Structures are given as structure tokens and as C-alpha cells.
Amino acid sequence: MASKIRSSEITPESVFRERRLILQAAGLGLGASASTLLPSEAMAKTPLTGDIAKWPDSTDEMQTSYEQATTYNNFYELGTAKGDPVKNADKLITEPWTVEVGGQCEKGGKFALEDILKPHALEERIYRLRCVEAWSMVIPWVGFPLADLLKRFEPNSRAKYVEFKTLYDPVQLPGQKFPVLQWPYSEGLRIDEAMHPLTLMAVGLYGKTLPNQSGAPLRLVVPWKYGFKSIKSIVSINFVELQPQTSWNISAPREYGFYSNVNPRVSHPRWSQAKERRLDGGSKGFSALFSDKRKTEMFNGYADEVASLYTDLDLKKNF
Ligand code: MTE
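Residues numbered from 1 in each chain as written. Predicted model: local features only at pLDDT ≥ 70, side-chain atom pairs only at ≥ 80, totals over all residues. Heavy atoms only, no water.

Here we look at the site of the ligand
Condition: Distances are taken per atom, and a residue is near a molecule or strand as soon as one of its heavy atoms is within 4 Å of it. Contacts described as polar in this section are N or O atom pairs within 3.5 Å, which, within protein, must combine one atom able to donate a hydrogen with one able to accept it, while residues neighboring in sequence count only if both atoms come from side chains. Note that accessible areas follow from Shrake-Rupley with a 1.4 Å probe, and for residues the cover is restricted to the protein chains shown. In this classification, Asp, Glu, Lys and Arg are treated as charged, Ala, Val, Leu, Ile, Met, Phe, Trp, Tyr, Cys and Pro as nonpolar, and every other residue, Gly included, as polar.
In the neighbourhood of the ligand, 14 residues make up the surrounding shell, with Asn73, Tyr76, Glu77, Arg219 and Lys232 lying closest. Here Tyr76 contributes a backbone N or O atom positioned 2.7 Å from an oxygen atom of the ligand. Contact with the protein chains removes 98% of the 540 Å² of surface that the ligand exposes when unbound. Of the residues that constitute the shell around the ligand, the class distribution is six nonpolar, five polar and three charged.

This is how it looks when you write it as C-alpha cells:
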């Protein structure tokens, strides 16, 4: 179990040094030389090395290119246009990084990122991620099951939901100066969704650490839900009894429900969810918006794995 650290005990220098050692040991070494990198790669930091197991159930569909996955982003704290997050990515400082865990659990506390990561073996999982805006990508994520992390905090029987929050710091995340959403960005999952083996705590993509625009250093990937449930740059995990409020639901409750399961049969009030545009290696940037549409699958194609979570739920009411 990770040791508890008070924020007063964290000094950037000692944390830097310690983290460097731990991340090197875990194959997450730091220190890419930015000068020779393309803009989208500038924040990619470094390749992940070491033993990264390949998840056997990865999709073999054509992958989105690294360039596209890291330059066409939604990260409203770094700007609302798709190209803004990569441009503003260097404002976000991810070292040192602390995650606060609390609520209905026995072993909460403040944890340095390295203590969060240390016990977990990394895995590469190629998942589809479908945005509520009706585009989708296929990305090789690197991470570990969220359940393995949550169990370490020993949630109690009153923990019915898990609430996540992104860093709040309008200097590092200048989009927070504007009231586009309620900040900090908040998301939530039912405890069984959070504990589902498909739910991934991601630390990297395409064999590299997460670039900031993709949610460094820690983000969720929940492949059967619309992309906005996959919260980026997480600093808070809270076990709660009641369904938590979420940023998108607060901003437009008729448009973005708590569940947000990918569902071609339930339209968004302003557009259909029956089809999607796949952004893959074949088409880039703006031209990708005009690439062929494909049918959206129930639960984004993960129905065999997750449909049983919702057998008693009216998915039209609980959209
Ligand atoms: N997390 C934070 N903190 N802020 C955001 O604006 N956007 C969400 C989600 N996570 C968002 C976020 C949305 S709408 C989507 S579609 C995905 O991130 C996009 O992830 P990607 O940029 O890696 O494709």
C-alpha cells in the first residue's frame, strides 16, 4: 500500500529525483529532448520501456495516427478548439503530481504520482473511443485497470459511485478563466462501472507517456461511454454514496446524462448518434471530418462485456 504524504512534505526537488528513479524502474523514464520533436510530439516526453503486456482483446481495426490523436483533442481547460490543447499543452506542469483520494474508503490520503503507479504492471490496450460529437478514434493506450488502483484504497459498502476531478489551476489550464464548464472538470462512474475490467487508468499512448493534451499524467479511458467520461489530468478520486454531479451534465442536463453509454438508439437532442466518423490513419486533420461514416455500435462495440451492468436500467431515461 502506498504511503501517505502530506503536501507540506512534498518538495519539488526530492520528488523529482525520487520520481525519476521510480519511473525509470517502471520503464517510464523522463527527459525527452524537445528540440528535435514535431509540435505534437513536444509533450510526448519519452517512450515507455520495459515490460508492457499486450492485452489479448485489443481491436485490430486501423489505428488513428499518433499525430491525429494528439492534435485533434477535447481538453477545454487548454482551449475549446480541437487544435488548442496541443498549442497550450506546455503550460501544464505534471511534475510533481499529487492525487488526493477520499470519501467512503479506509485508506484514502494524498499520494504522489509515483506511489499511485508503483505497484501496477503496464498493459497496452487498443480501444475504440467515441466522442459524443460523433467522431471516433482507435488508440493504443498504455495503463492498468482502474479497479486494481481503487481496491488499494479499500472502499467501504457505502461507496456507490466514484467521483474524479481534474487539476484546477487557471494559470496552467487557462481555459478555466472562462466559464465554459463548471471547473474543475468533474466526472463520475457507478462503482461497478469503475471496477469493470475494461475501465483503464491510462498513463500513455502509442508506447509513450501521455502528452499533456491527452491528459497527462493520469486519465481515464472508459471505452463503452462517450469520450467526455474519460477525464484527463486527474488529481482527485472520491468514493461517494450519491450519484456525483458531472461538469457536462451541469452545463447541459438535457444533452449529457450521467451514464453517457454509447447508444446509437438514443439521439443527442441536436444530432443523431447512429453513425460516426472514424479518424484513422487514412485521413488527417480537417479532411478527416469528411471521411466515411460508419454505424455506431451499442456500447461502442463492447456490449458483450458491459451490457449486463445495465439490464435493470431504462437506457432512454438514463442516457
Ligand atoms: N477531461 C478534461 N479534464 N477536460 C476536457 O475538456 N474532454 C473530454 C474528455 N476528457 C475533457 C476531458 C472529451 S469531450 C473527450 S471526447 C475526450 O476527453 C477526448 O480525449 P482525447 O482528446 O484524448 O481524444
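Focus on the nonpolar core
Grouped burial of nonpolar side chains is what soluble globular proteins tend to show. Here is the rule: Grouping buried Ala, Val, Leu, Ile, Met, Phe, Trp, Tyr and Cys residues that are joined through side-chain atoms within 4.5 Å yields what is termed a nonpolar core. We call a residue buried when its accessible area falls under 20% of the maximum for its residue type, exposed when it is over 50%, and partly exposed in between, using a 1.4 Å probe and counting protein chains only. The way it works is that DSSP assigns letters per residue, a run of H or I at least four long becomes a helix, a run of E at least two long becomes a strand, and they are numbered from the N terminus.
Trp141, Phe164, Met201, Leu220, Trp224 and Ile237 are the most contacted members of the largest nonpolar core, which has 79 residues in total. Element by element, the count of residues in this core is highest for strand β5 (residues 135–145), at six residues.

Details of the pattern of salt bridges
Put simply, the rule is: Definition used for salt bridges: Asp or Glu carboxyl oxygen within 4 Å of a side-chain nitrogen of Lys or Arg.
As enumerated under the stated definition, the model contains 15 salt bridges in all. Between Arg130 and Glu276 there is a salt bridge; the shortest N-O distance is 3.3 Å. Note that Arg130 is positioned in strand β4 (residues 123–130) and Glu276 in strand β12 (residues 275–279), a separation of 146 residues in sequence. Here Arg130 matches Glu276 in class, with each residue buried. Its salt-bridge partner being Arg190, residue Asp192 comes within 2.8 Å of it at the nearest N-O pair. Judged by its relative accessible area of 31%, Asp192 falls in the partly exposed class. For Arg190, a relative accessible area of 14% translates into the label buried. Bridged by salt links that share partners, the residues Glu61, Arg128, Arg130, Glu276, Arg278 and Arg294 form one connected network.

Re the sheet that holds strand β3 (residues 109–112)
For sheets, the rule is that strands pair by backbone hydrogen bonds, running either parallel or antiparallel. Note the threshold: Think of it this way: DSSP has to see at least two bridges between two strands before they count as a pair. A fitted line through C-alpha atoms serves as each axis, taken over the contacting stretch for helices, and the angle formed by two N-to-C directions is quoted from 0 to 180°.
Here we have five strands laid out as an open sheet, ordered β3-β2-β11-β6-β7, and mixed in their pairing. At either margin of the open sheet sits one strand with a lone partner, and together these are β3 and β7 (186–190). The average undirected angle you get between the axes of adjacent strands in this sheet is 20 degrees. Two strands pair when backbone bridges link them, and strand β6 (residues 161–166) and strand β11 (residues 234–240) are joined in this way by six bridges, in the antiparallel orientation.

Topic: the pairing of β5
The element β5 is extensively covered by neighbouring structure, given that eleven of its eleven residues are classed as buried. By the bridge criterion, eight bridges tie β4 to β5 in an arrangement that is antiparallel. The residue bridging Arg130 from the neighbouring strand is Ser136, located in β5. Once β4 ends, the chain turns through four residues before running back antiparallel as β5, passing Ala134 with a positive phi of about 75 degrees. As judged from the three bridges shared by β5 and β12, these two strands associate in the parallel manner. Residue pairing for β12: Met137 is matched across the bridge by Leu279. In this sheet, strand β8 (residues 200–205) lies alongside β5 in antiparallel orientation, the contact comprising five bridges. The residue of β8 that forms the bridge with Val142 is Gly204.

Quick notes on the pairing of β6
For β6, the tally of buried residues reaches five of six residues, placing the bulk of the element in the interior. Inspection of the sheet shows β6 paired to β7 by five bridges, in the antiparallel sense. Looking at β7, one finds that Val162 is bridged to Leu189.

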